[in-house]
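# Examining the three-dimensional arrangement
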Amino acid sequence: MGLKGQNSSSSSVERVGPTIAVGIGTLSYFGELNTQNKLNSPITSRMAYSIGFRQKLNYFLESDVNLWTGTVSANERSLDRNLNFETQLYGFGFGFNYNFSNFLKAEHILEPIIGVGIEVIGFSAKTDLYDQNGISYNYWSDGTIRNIPETDPQAEQSVLIQRDYVYESDIKTSDYYGLNDFNTYSLGIPITVGANLILTDKWTFRAAMIYHFTPQDLFDGVDLNSGNFEGDAKSDRIFHTSVSISYNFTNPKAEKEEDAFEDFSEFPLDLDEDKDGVDDLIDECLGHPIGVEVDEKGCPVDGDKDNVVNYKDEELFSAPEVQVDSLGVTITDAVRDLYYLRFYDETGNYSPIENETNTMQIIANKTRRNTTKYVKTYAIAIGEFTGDIPEELVSNILSLPDVNTYDANDKIIVAVGRYPNIAAAVSRQRELETKGIATTDIIEVDENFHVKTVEGAQSDYNSGSKNTGNNSNEILYRVQIGAFSKKADESIFAGLPNLVKVNSDDGMVRYYAGAFKTYDQAAKAKINYMVNFGLNSAFVVIIKGANIIPINNQKSKPLNNEQSQSLNSIEPLTPEQKSNLKFRVQLGSFKNQIPNQILEEYMELENIKQFKGQDEYIRYAAGEFDTYEEATEFKTQLRNQGFEGCYVVGDYFGNLIPSSKAVEMLKK
């Protein structure tokens, strides 16, 4: 649950059980017999003890019921009067403490606190008038205490006596003070200032100062209307310093279960997604293709121990300890020399220019460079945009397999195809228009990617109402090669096929390259772009209809402080928070790359989305619903289609949470 800081981003639950605290400290008295307001004097400060019961109301506020007791005392010696008292205090109160967690980091361990409350204080004020033999104290002007008054005729026969500091006389009933009967109970308002040090999920250390404001002025037996000794009109105050240790009774096991992604009431314990005969709960290599030979741990077998598993190995019986490529084939000296020449070649003699991506990634060696030599070509413009391309058109444009974008006169020109002559371009233009795809012009693209309109090169086809883009649900794979907050140096992209630049409405400029019909082709192209062009952040995206689905290893953006707090707050969700809370159906989770066959099955569904959690697992979920009931109905449909083991989850700002938590949040 992560009780440290009481506001953990990795924790979706903040239920802290009742907490018991015990403390020790000192009490100091301020009143007529301590007008200097001295703290921690051995005369005015005495030990105090407390016990409290605290309960978290939310992550920053707690209620506090406490009992405390202690003693205060003071002595006054002067020419006018000699007074002393000792009062035993008992307090019982209720209050609230605020710990500033809504302003602190989620994993903080030190937090300031302030608190206020109301309490009832009982007291018994006593004074020391007699010694242990019952002889009254007589204070002489020379500072001594004697057995008879200084004015007594027999004063010369007096003897010195010592105070025994036993407070035997009740001030309330003593004639010495001359007081009328008074109430020995008082209301109080304790004001607390201190700090918590969070030691573990269970234990917290607190240091605090509590100032007790009361209307009572008779803790010391002296007030403005005292019978024999006149005081001032100020009330007596009590200052309490305390350190305490507290223990909470939260059940961490129960919280941990609630934090889990899976709804275990629906999760089958014998699930085997990759059909290898090893249940997923103990399978150490989830996600390989169905039918692959595996060992007892569920991992694909590597018969010749060359670190290439058998189902990927094109040479199953390589010699021991030889160097092999990524396909498990032995790298001979001749092949190694050829790779060396290709790596350092700048002439093209050893790495001929070609349009096909190399099918092998060689371990510890560069793959063949893959570039395209451009000459003057012709393309069909299907739209031009000043500024951002409308969001609703981005996926449609990317779904056209041979689309490219060009910069011209502060505009983005979106064009299809690249043809050696105008006639071929006009023929493709006619084909596009018959499919309902709007075109504008035939453009000429030179070797430096400068464009100009070809006058008079227009199709005579008039398709009437047209829409820019491809509205089919066919799946196309592209590689996102970068995302930039401003325009990038596009010279580094020279040679990439089907380059598309999109100025998104989030302010980012994204570049896409290539257009592939299978994930394998796109994945190999991604490796090629990373190795030969230095595009280390490249990843594959899937274009299907109006959806762009990233296939990358980036974790879901964590919840910010306000979003994390709303998971546990008792307050209703804001309209923005509610609009970002959806229900989906989780299909599967994978530690490594999802098998192509399973990915293709997922892509047949609507609204597929990928999530990567803190546990490094990548989860795929389908659908998007406002209610749990709609998602449950969709889950039933998916199970009938053969997606066994799928279950409903919540999606809160792009982070998966248990469906039970999402339902609870909507009920606030």
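If you're wondering where the values come from, they're calculated on a predicted model, not measured in any experiment.

## Quick notes on the overall build of the protein
- Looking only at helices and strands, the protein has 10 helices and 26 strands in total.
- Each of the 668 residues in the protein was classed as buried or not, and the buried ones make up 48%.
- For the protein, the proportion of contacts with a sequence separation of at least 24, taken over those separated by at least 6, is 64%.
- Total accessible area computed for the protein in this model is approximately 34300 Å², and 53% of it derives from carbon and sulfur atoms.

## Focus on the sheet that holds strand β13 (residues 403-408)
- Across the sheet, which stays open at both edges, the five strands sit in the order β13-β14-β12-β15-β16 with antiparallel pairing between neighbours. Looking along the sheet, the strands with just one partner apiece sit at the ends: β13 and β16 (451-453). Recorded for the sheet is a direction-independent mean angle of 40° between the axes of neighbouring strands.
- As judged from the three bridges shared by strand β15 (residues 441-445) and β16, these two strands associate in the antiparallel manner. The residue of β16 that forms the bridge with Glu444 is Lys452.
- The strands that helix α4 (residues 422-434) touches are β12 (377-385), β14 (411-419) and β15; relative to β12, the one it contacts most, it runs at about 40°.

## Section: helix α6 (residues 561-568)
- Of all the eight residues making up α6, six are buried; the element is thus mostly covered by neighbouring parts of the structure.
- Buried within α6 are the following residues: Gln563, Ser564, Gln565, Ser566, Leu567 and Asn568.
- Those residues of α6 hidden inside the fold are in contact with α7 (575-579), β25 (647-652), β26 (655-658) and α10 (659-666).
- The residue sitting at the N-terminus of α6 and contributing the capping side-chain oxygen is Asn560; that oxygen lies 3.1 Å from the backbone nitrogen of Glu562.

## Section: α4
- Its 13 residues give α4 an end-to-end C-alpha distance of 19 Å, which sits within 8% of 18 Å, the value for a rise of 1.5 Å per residue.
- In this fold, the buried residues of α4 make contact with β12, β14 and β15.
- Where α4 begins, one side-chain oxygen reaches toward the backbone nitrogen of Ala423, 3.3 Å away; that side chain belongs to Asn421.
- Positive phi appears at Gly436, one or two residues downstream of α4, with a value of about 85°.

## Describing the pattern of salt bridges
- Scanning the entire structure with this criterion turns up 13 salt bridges.
- Note that Lys582 and Asp626 form a salt bridge whose closest N and O atoms lie 2.5 Å from each other. In this pair, Lys582 sits in strand β22 (residues 581-590) while Asp626 sits in the loop between β24 (618-625) and α9 (628-640), placing the two residues 44 residues apart along the sequence.
- Judged by relative accessible area, which is 47%, Asp626 ranks as partly exposed.
- Asp651 is the partner of Arg584 in a salt bridge, and the nearest nitrogen-oxygen pair spans 2.7 Å. In this pair, Arg584 is assigned in strand β22 and Asp651 in strand β25, connecting sequence segments 67 residues apart.
- Taking relative accessible area as the criterion, Arg584 reaches 4% and is therefore assigned buried.
- Look at the salt bridges and you will find they share partners, linking Arg584, Lys609, Glu624 and Asp651 into a network.

## Examining the sheet that holds β22
- The strand order across the open sheet formed by five strands is β23-β24-β22-β25-β26, and the pairing between neighbours is antiparallel. The open sheet has two edge strands with one neighbour each: β23 (609-612) and β26. Adjacent strand axes in the sheet meet at a mean angle of 45°, parallel and antiparallel pairs treated alike.
- Alignment of β22 against β24, held across six bridges, turns out to be antiparallel.

## A short note on the pairing of β26
- Examined bridge by bridge, β25 and β26 share four bridges and lie antiparallel to one another. Residue pairing in the sheet places Val649 in a bridge with Pro658 of β26.
- As consecutive antiparallel partners, β25 and β26 are separated by two residues, and within that stretch Phe653 has a phi angle of approximately 55°, a positive value.

## Some thoughts on the nonpolar core
- Formed by 53 residues in total, the largest nonpolar core has its most connected members in Tyr477, Ile481, Tyr529, Leu587, Tyr602, Ile608 and Tyr652.
- In contact with Ile481, other than residues within four places in its own chain, are Phe493, Leu496, Leu499, Tyr511, Tyr512, Ala513, Tyr529, Leu535, Ser537 and Ala538.
- Core analysis: the next-biggest nonpolar cluster, separate from the first, contains 28 residues, Ile382, Ile397, Val414 and Tyr419 among them.

## Some words on the state of the cysteines
- The tally for this structure, following the rule as stated, stands at one disulfide.
- Sulfur-sulfur distance for the disulfide between Cys285 and Cys299 comes to 1.9 Å. Because the torsion about its S-S bond is 75°, the bridge between Cys285 and Cys299 counts as right-handed. Separated by 14 residues along the polypeptide, Cys285 in the loop between α1 (252-259) and α2 (333-344) and Cys299 in the loop between α1 and α2 bring together distant segments of the chain.

## With respect to unusual backbone geometry
- You will see that Asn307, though not glycine, has its phi angle at about 70°, which is positive.
- The topology assignment puts Asn307 in the loop between α1 and α2.
- Unusually for a residue other than glycine, Asn498 sits at a positive phi of about 50°.
- Mapped onto the elements, Asn498 comes out in the loop between β17 (475-484) and β18 (500-503).

## Quick look at a nonpolar patch on the surface
- Together, Ile24, Met47, Tyr49, Ile109, Leu110, Leu197, Leu199, Trp203, Phe205 and Val243 line one region of the surface with nonpolar side chains, adding up to about 870 Å² of accessible area.
- Counting only elements with at least two residues in the nonpolar patch, the list comes to β2 (45-56) and β10 (203-213).
- Along the chain, the position of Leu199 falls in the loop between β9 (185-198) and β10.
- With a relative accessible area of 39%, Leu199 lands in the partly exposed category.

## Points about the packing of aromatic side chains
- For the coordinates displayed, the defined rule picks out 18 aromatic pairs.
- Taking 6.4 Å as the distance between ring centres and 10° as the angle between the ring planes, the aromatic pair formed by Phe123 and Phe182 counts as stacked. Of this pair, Phe123 sits in strand β5 (residues 110-127) while Phe182 sits in the loop between β8 (169-170) and β9, and the two are 59 residues apart along the sequence.
- Under the relative-accessibility criterion, Phe182 is labelled buried at 11%.
- Among the aromatic residues, ring-to-ring pairing joins Phe30, Tyr211, Phe213 and Phe239 into one connected group.
- In this arrangement the basic side chain of Arg146 is found over the ring face of Trp140, its NZ or CZ atom lying 4.4 Å from the centre.

Calculation criteria
- Residues take numbers from 1 onward in each chain, read along the sequence in its written order.
- Residues qualify for local features only when their pLDDT is at least 70, as the model is predicted, and side-chain atom pairs are given and counted only at 80 or more; totals for whole chains, interfaces and linings, by contrast, use all residues.
- As a convention, hydrogens and water are excluded, and side-chain values are obtained from all of the structure's heavy atoms.
- Working definition: helices are DSSP H or I runs of at least four residues, strands are E runs of at least two. Numbering for both runs from the N terminus.
- Exposure categories follow from relative accessible area, calculated using a 1.4 Å probe and restricted to protein chains: below 20% of the type maximum is buried, above 50% is exposed, and the middle band is partly exposed.
- Contacts were defined at the residue level, with two residues in contact if any of their heavy atoms lie within 4.5 Å.
- The Shrake-Rupley method, run with a 1.4 Å probe sphere, supplies the accessible areas, and residue values consider only the shown protein chains as cover.
- Each pair of strands is called paired provided DSSP finds at least two bridges between the two strands.
- Note on definitions: angles span 0 to 180 degrees between N-to-C directions of axes, and those axes are lines fitted to C-alpha atoms, for helices only across the stretch in contact.
- Whenever a nitrogen or oxygen atom comes within 3.5 Å of another N or O atom, the pair is scored as a polar contact, on the condition that within protein one atom can donate a hydrogen and the other can accept it, and that pairs from neighbouring residues in sequence are kept only if both atoms are in side chains.
- Any helix carries an expected span of 1.5 Å times its number of residues minus one.
- For this document, the term salt bridge refers to a Lys or Arg side-chain nitrogen within 4 Å of an Asp or Glu carboxyl oxygen.
- The set of buried Ala, Val, Leu, Ile, Met, Phe, Trp, Tyr and Cys residues whose side-chain atoms join them within 4.5 Å is what this entry labels a nonpolar core.
- Note on disulfides: each one is a pair of cysteine sulfur atoms within 2.5 Å.
- Here a patch means residues that are over 30% exposed by relative accessible area and free of salt bridges, tied together within 9 Å if like-charged and within 5 Å if nonpolar (Val, Leu, Ile, Met, Phe, Trp, Tyr).
- Each Phe, Tyr or Trp ring, with Trp reduced to its six-membered ring, pairs with another whose centre is within 6.5 Å; inter-plane angles below 30 degrees give stacked pairs, above 60 give edge-to-face pairs, and intermediate values give tilted ones.
- Should the NZ of a Lys or the CZ of an Arg lie within 6 Å of a ring centre and within 35 degrees of the ring normal, that charge is described as sitting over the ring.

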